[in-house]
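Below are the chains, spelled out letter by letter.
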Amino acid sequence: MSLPDLNLLITLDVLLAEGNVSRAANRLHLSPSAMSRSLTRLRDAMGDPLLVRAGRGLVPTPRALKLRDQVGRIVQEATEVLRPEEQLNFKDLVRTFTLRSSEGFVENFGPELIARVAEKAPGVRLFFVQKPNKDSAPLREGLVDLETGIVERTTAPELRVQALFRDRSIGVVRAGHSLSQGAITPERYADGQHISVSRQGLDKGPIDEALSELGLVRKIVTVVAGFSTALSLARASDMIASVPGRHTRNLRAGMFSFPLPVNTPEITISMLWHPRMDGDAAHRWIRGCLHDICAAHHGDSASPEELVKE
């Protein structure tokens with residue numbers, strides 16, 4: 001079955017509004033003969049004469065009268081769809097954005113983001129959800145509007161990415177822990193009891209690789225899935241948590257933080273979204289809010305010394 005020529009809807013709308021072939025032709029910048037041919041196509045497609053002669057003019061048939069308002073509404077809605085999006089009216093904007101992130105991100109950046117959104121667009125709500133895995137399906141399926149994290153080889157290639165800040169791991173222990181006194185050497189660090197953070201349950205990572213180059217092995221006594229859990233355990237024990245410094249700034253308040261005594265790779269925290277949201281003005285605005293908030297707190301540098309002071 002062939003698709004109908006939807007351009008005929010525009011022709012029908014103008015013909016029904018003008019009730020005259022010549023005037024309708026002028027409005028659409030067509031010749032009268034071209035408009036007459038279009039009217040013939042409409043009659044064939046719809047099985048109705050639509051406009052019939054009455055004296056020197058044309059009058060609509062009952063079918064045409066019945067369709068006039070509907071056709072006008074359809075053409076108007078289609079025209080609105082094809083127009084560039086108008087400037088956002090933030091005071092009237094009503095929308096919920098779902099943001100997916102790892103533990104610590106909301107605690108650090110959520111309060112300021114919520115306050116900025118509430119001030120500018122009081123009808124907008126933010127729904128924060130945890131990130132249990134790196135599956136890109138929620139972004140593809142529209143279940144999540146925006147996500148933060150590290151871009152990896154498993155990240156869906158079609159996703160849009162914008163860097164937010166750079167980070168690296170630091171060590172964190174409870175106040176009064178033995179490591180809070182004196183120089184922290186690789187040996188002292190490795191000799192402690194360690195908490196590993198891994199959603200996959202892994203107990204080895206870049207820190208262990210760096211220690212192995214020095215002939216050292218740290219003892220992993222427990223593996224947890226999130227940063228807040230690791231810091232809670234470290235706060236209540238003599239265990240050592242190694243977590244991203246900027247990502248966990250607020251979570252480790254009141255604890256002793258220190259640069260790791262081994263070199264570990266720097267990581268880049270980015271925001272990710274599906275390309276279908278590129279042209280959405282409200283989505284662009286919320287992305288800009290998040291980017292500006294992260295940029296205001298963090299420059300490009302992520303030295304361990306700066307991280308433990310933040």
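Residues numbered from 1 in each chain as written. Predicted model: local features only at pLDDT ≥ 70, side-chain atom pairs only at ≥ 80, totals over all residues. Heavy atoms only, no water.

(A) Representation of the overall build of the chain. Regarding its fold elements, the chain presents eleven helices and twelve strands. Since a compact globule built from 310 residues should have a radius of gyration of about 19 Å, the 31 Å found for the chain marks it as more spread out than a globular shape. For the chain, the spread of C-alpha atoms along the three principal axes comes to 105 × 40 × 30 Å. For the chain, the proportion of its 310 residues judged to be buried stands at 43%. Once local pairs closer than 6 in sequence are excluded, the contacts in the chain between residues at least 24 apart make up 75%. For the chain, the exposed surface amounts to about 17100 Å²; the carbon and sulfur share of it is 52%. Charged side chains of the chain number 39 positive and 37 negative; the gap between the two group centres comes to 6 Å. (Helix = DSSP H or I, 4+ residues; strand = E, 2+ residues; numbered from the N terminus. Rg over C-alpha atoms; globule rule 2.2 N^0.38 Å. Buried < 20%, exposed > 50% of the residue type's maximum accessible area, 1.4 Å probe, protein only. Contact = heavy atoms within 4.5 Å. Areas by Shrake-Rupley, 256 points an atom, 1.4 Å probe, with all protein chains shown as cover. Lys, Arg positive; Asp, Glu negative; His and termini not counted. Charge placed at Lys NZ, Arg CZ, Asp CG, Glu CD.)

(B) Region of interest: the pairing of strand 4 (residues 124–130). The pairing of strand 3 (residues 95–101) with strand 4 spans seven bridges and is classified as parallel. Across the sheet, the residue bridging to Arg-100 is Val-129, located in strand 4. In the classification by handedness, the crossover that spans strand 3, the intervening helix 5 (residues 105–120) and the parallel strand 4 is right-handed. (Pairing = 2+ DSSP bridges. Right-handed = clockwise from strand over helix to strand, strands pointing away.)

(C) Region of interest: helix 10 (residues 281–297). Look at helix 10: 25 Å from first C-alpha to last across 17 residues, which is about the 24 Å you get at 1.5 Å a residue. All buried positions along helix 10 are accounted for by Ala-281, Ala-282, His-283, Trp-285, Ile-286, Arg-287, Cys-289, Leu-290, Ile-293 and Cys-294. In this structure, the buried residues of helix 10 make contact with strand 3, helix 5, strand 4, strand 5 (146–149), strand 6 (160–167) and strand 12 (267–273). (Expected span 1.5 Å × (residues − 1).)

(D) Highlighting the packing of aromatic side chains. Scanning the entire structure with this criterion turns up six aromatic pairs. Centre to centre, the rings of Phe-90 and Trp-285 are 4.9 Å apart; their planes meet at 55°, and the pair counts as tilted. Highlighted residues: Phe-90 in the loop between helix 4 (62–82) and strand 3 and Trp-285 in helix 10, separated in sequence by 195 residues. The residues Phe-90 and Trp-285 share a single accessibility class, namely buried. A network of ring pairs unites the aromatic residues Phe-105, Phe-109 and Phe-165 as a single cluster. Arg-287 extends its terminal NZ or CZ atom over the ring of Trp-273, reaching a point 4.2 Å from the ring centre. (Phe/Tyr/Trp six-rings, centres within 6.5 Å; stacked < 30°, edge-to-face > 60°. Lys NZ or Arg CZ within 6 Å of the ring centre and 35° of its normal.)

(E) Up close: the pattern of salt bridges. Applying the stated criterion to the full structure yields 13 salt bridges. Asp-238 serves as the salt-bridge partner of Arg-174, at 2.7 Å between the closest nitrogen and oxygen. Remark: Asp-238 occurs in the loop between helix 9 (227–235) and strand 10 (240–244) and Arg-174 occurs in the loop between strand 7 (169–173) and helix 7 (186–190); sequence separation between them is 64 residues. Under the relative-accessibility criterion, Arg-174 is labelled partly exposed at 26%. Overall, Asp-238 belongs to the partly exposed group, its relative accessible area being 44%. By sharing partners, the salt bridges in this structure join Glu-18, Arg-23 and Arg-27 into a single network. (Salt bridge = Lys/Arg side-chain N within 4 Å of Asp/Glu carboxyl O.)

(F) Geometry of the nonpolar core. Residues Phe-105, Leu-113, Trp-285 and Leu-290 are the most contacted members of the largest nonpolar core, which totals 25 residues. Among the elements that make up this core, the one with the highest residue count is helix 10 (seven residues). Excluding anything up to four places from it in sequence, Phe-105 contacts Gly-110, Thr-148, Leu-164, Phe-165, His-247, Ile-269, Leu-290 and Cys-294. Among the nonpolar cores identified, the runner-up in size contains 18 residues, and Ala-25, Leu-39, Leu-58 and Leu-67 belong to it. (Core = buried A, V, L, I, M, F, W, Y, C linked by side-chain atoms within 4.5 Å.)

(G) A look at the environment of Asn-250. Tracing the chain through its elements places Asn-250 in the loop between strand 10 and strand 11 (256–259). Along the chain, Asn-250 and Asp-48 lie 202 residues apart, while their C-alpha atoms are 72 Å from each other. The residues contacting Asn-250, other than those within four sequence positions of it, are Glu-107 and Asn-108. At a separation of 2.9 Å, a polar atom in the side chain of Asn-250 contacts the main-chain carbonyl oxygen of Glu-107. (Polar contact = N/O pair within 3.5 Å; in protein donor to acceptor, adjacent residues only side chain to side chain.)

(H) Structural detail: helix 4. The terminal C-alpha atoms of helix 4, which comprises 21 residues, lie 31 Å apart, in line with the 30 Å expected from a rise of 1.5 Å per residue. Its maximal kink placed at Arg-68, helix 4 deviates by approximately 40°. Of the residues making up helix 4, those classed as buried are Ala-64, Leu-67, Val-71, Gly-72 and Val-75. Buried positions along helix 4 lie against helix 1 (7–18), helix 3 (32–46) and strand 2 (57–60). (Bend = angle between axes of the 7 residues up to and from the residue.)

(I) A look at the sheet that holds strand 3. As summarised here, the arrangement of the five strands in space is 4-3-5-12-6, forming an open sheet in which the pairing is mixed. The open sheet terminates on both sides in strands that have one partner only, identified here as strand 4 and strand 6. When the angles between neighbouring strand axes are averaged without regard to direction, this sheet yields 20°. Judged from the seven bridges that link them, strand 6 and strand 12 form a sheet pairing that is antiparallel. Bridge assignment links Ala-163 to a residue of strand 12, and that residue is Ser-270. Of the strands in this sheet, strand 3, strand 4, strand 5, strand 6 and strand 12 are in contact with helix 5, which crosses strand 4 at around 170°. Helix 10 rests against strand 3, strand 4, strand 5, strand 6 and strand 12 of the sheet, and its axis sits at about 15° to strand 6. (Axes fitted to C-alpha atoms, helices over the stretch in contact; angles between N-to-C directions.)

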